[in-house]
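Tertiary structure, described
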Amino acid sequence: TGDGRLSAPRGAKLAPARKFGQVSCKCDDQSDIRCSGGEVAVFDRECCKQCIPAPATCQVTGDPHYYTFDKIWHHFQGECKYVLVKTSDFEVHHGNEHLHGNTAVTWTKEVMVVFKEQEYSIKKHHVFSIDDVQKVVPYRKAFPDGYLVHIRRIGSYTYFQISRDGSLLLTLKYNGYHRSEIEVAGIYKGTTQGLCGTWNDNKNDEYTMRSGAVTTDLNEFGNSWKEKDDEFCPDPPPPPHVCDDQP
């Protein structure tokens, strides 16, 4: 499909996939397998069709506002580096900074993906690096186990994607200034952690801290996901009380 996922028309027979010169497909006509609403079809290494949850998106925008996978807005003004999404395969982090002397709010200065023991970074103005070594975009790296990393510039965004055997697992897009979006595949539903929340359709546990405890204090929630090597970065001040602006 156009988004990079493996798929086939209903009832179509898939062409045999080859690995090291050998036919590896075991499944043929699978028109009897129909995905329900909210699901998408993917195909495993043996061409067998599976239905998994549709991808979910988390947004970080402005100064900054977070829109979680379970569709909750929250606001956190920390100026450190934080874990946005943590899964069993990769982590997405971002770093914030104050701009123009305004210490009341912060903006994204960098987004990072930790994958296979390397840190891929996109800084402001679309500067891309791997483990602090600047690289040229577009960039692709294929791994023996079927994973592929692909970074490219499209319009005003830099895209970072991880796929495996043709199926997208992660798409991160960053405009180089104040907006980023993270889309993760349905195989990670029920497993995500970080400032983008616990993607499980339960809004009551969205503010789950690194410890596993749930809080209603957004600063406590945000600070718990500070990068471990950034632990000495100062915590943000408590947010103003709703009555503070009243006469």
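Here the residue index of a chain counts from 1 through its sequence in written order. Where totals are concerned, whole chains, interfaces and linings use all residues; where local detail is concerned, this predicted model gives features only for residues with pLDDT of at least 70, and gives and counts side-chain atom pairs only at 80 or more. As a convention, hydrogens and water are excluded, and side-chain values are obtained from all of the structure's heavy atoms.

**Brief notes about the overall build of the chain**
Working definition: helices are DSSP H or I runs of at least four residues, strands are E runs of at least two. Numbering for both runs from the N terminus. Looking only at helices and strands, the chain features one helix and 18 strands. In the chain, 41% of the contacts between residues at least 6 apart in sequence involve partners at least 24 apart. For the accessible areas, the method is Shrake-Rupley and the probe is 1.4 Å, while residue cover comes only from the protein chains on display. A total of about 13,100 Å² of accessible surface is found on the chain, and carbon and sulfur atoms cover 51% of it. In what follows, a contact means two residues having at least one pair of non-hydrogen atoms within 4.5 Å.

**Structural notes on the pairing of strand 12 (residues 127-130)**
Between any two strands, at least two bridges found by DSSP are needed for them to pair. Bridge count for strand 11 (residues 118-123) against strand 12 is four bridges, and the pairing is antiparallel. Residue Tyr-120 lies in a different strand from strand 12, and its bridge partner there is Ile-130. Linking strand 11 back to strand 12 in an antiparallel pair, the connection comprises three residues, with His-125 at a positive phi of about 65°. Both strand 12 and strand 13 (residues 133-134) contribute to a ladder of two bridges, which runs antiparallel. Along strand 13, the bridge assignment pairs Ile-130 with Val-133. The hairpin formed by strand 12 and strand 13 contains two residues between the paired strands, and Asp-131 there has a positive phi angle of roughly 50°.

**Structural notes on the nonpolar core**
We call a set of buried Ala, Val, Leu, Ile, Met, Phe, Trp, Tyr and Cys residues a nonpolar core when their side-chain atoms join them within 4.5 Å. Whether a residue is buried, partly exposed or exposed follows from its accessible area with a 1.4 Å probe, protein chains only, as a fraction of its type maximum: under 20%, in between, or over 50%, in that order. Counting residues in each nonpolar core, the largest one holds 43 residues, and the members touching the most others are Tyr-120, Phe-160 and Ile-162. Among residues more than four places away in sequence, those in contact with Ile-162 are Phe-90, Val-113, Phe-115, Tyr-147, Leu-148, Val-149, Ser-167, Leu-168, Leu-169 and Leu-170.

**A few points about the pattern of salt bridges**
One speaks of a salt bridge when a side-chain nitrogen belonging to Lys or Arg is within 4 Å of a carboxyl oxygen belonging to Asp or Glu. Applying the stated criterion to the full structure yields five salt bridges. Residues Lys-123 and Glu-110 are paired through a salt bridge, measuring 3.5 Å at the closest nitrogen-oxygen approach. Here Lys-123 is found in strand 11, whereas its partner Glu-110 is found in strand 10 (residues 102-115), with 13 residues between them in sequence. Owing to a relative accessible area of 6%, Glu-110 belongs among the buried residues under this scheme.

**Quick look at the packing of aromatic side chains**
Each pair of aromatic rings taken from Phe, Tyr and Trp, with Trp reduced to its six-membered ring, is defined by centres within 6.5 Å and is described as stacked if the planes are under 30 degrees apart, edge-to-face if over 60, and tilted in the remaining cases. Counting across every chain of the model gives 10 aromatic pairs. Arranged with centres 5.7 Å apart and planes meeting at 55°, the rings of Phe-128 and Tyr-139 form a pair that is tilted. Of this pair, Phe-128 sits in strand 12 while Tyr-139 sits in strand 14 (residues 139-142), and the two are 11 residues apart along the sequence. With a relative accessible area of 19%, Tyr-139 lands in the buried category. Following the ring pairs from residue to residue traces out a cluster consisting of Phe-115, Phe-143 and Tyr-147. Lysine and arginine charges are scored as sitting over a ring when NZ or CZ, respectively, is within 6 Å of the ring centre and within 35 degrees of the ring normal. Here the guanidinium or amino end of Lys-173 rests over the ring plane of Tyr-157, the centre of that ring lying 4.4 Å away.

**Describing the state of the cysteines**
Here, the term disulfide refers to a pair of cysteine sulfur atoms separated by no more than 2.5 Å. Throughout the structure, instances matching the rule amount to three disulfides. Between Cys-58 and Cys-196 runs a disulfide, and the two sulfur atoms are separated by 2.0 Å. Given an S-S torsion of about -75°, the disulfide between Cys-58 and Cys-196 has left-handed geometry. Of this pair, Cys-58 sits in strand 5 (residues 56-61) while Cys-196 is found in the loop between strand 18 (179-184) and helix 1 (218-224), placing the two residues 138 residues apart along the sequence. The exposure classification of Cys-58 matches that of Cys-196, with both residues buried. The disulfide bridge from Cys-80 ends at Cys-233, spanning 2.0 Å between sulfur atoms. As the torsion about the S-S bond is roughly -90°, the Cys-80-Cys-233 disulfide counts as left-handed. Remark: Cys-233 occurs in the segment after helix 1 and Cys-80 occurs in the loop between strand 7 (73-75) and strand 8 (81-86); sequence separation between them is 153 residues.

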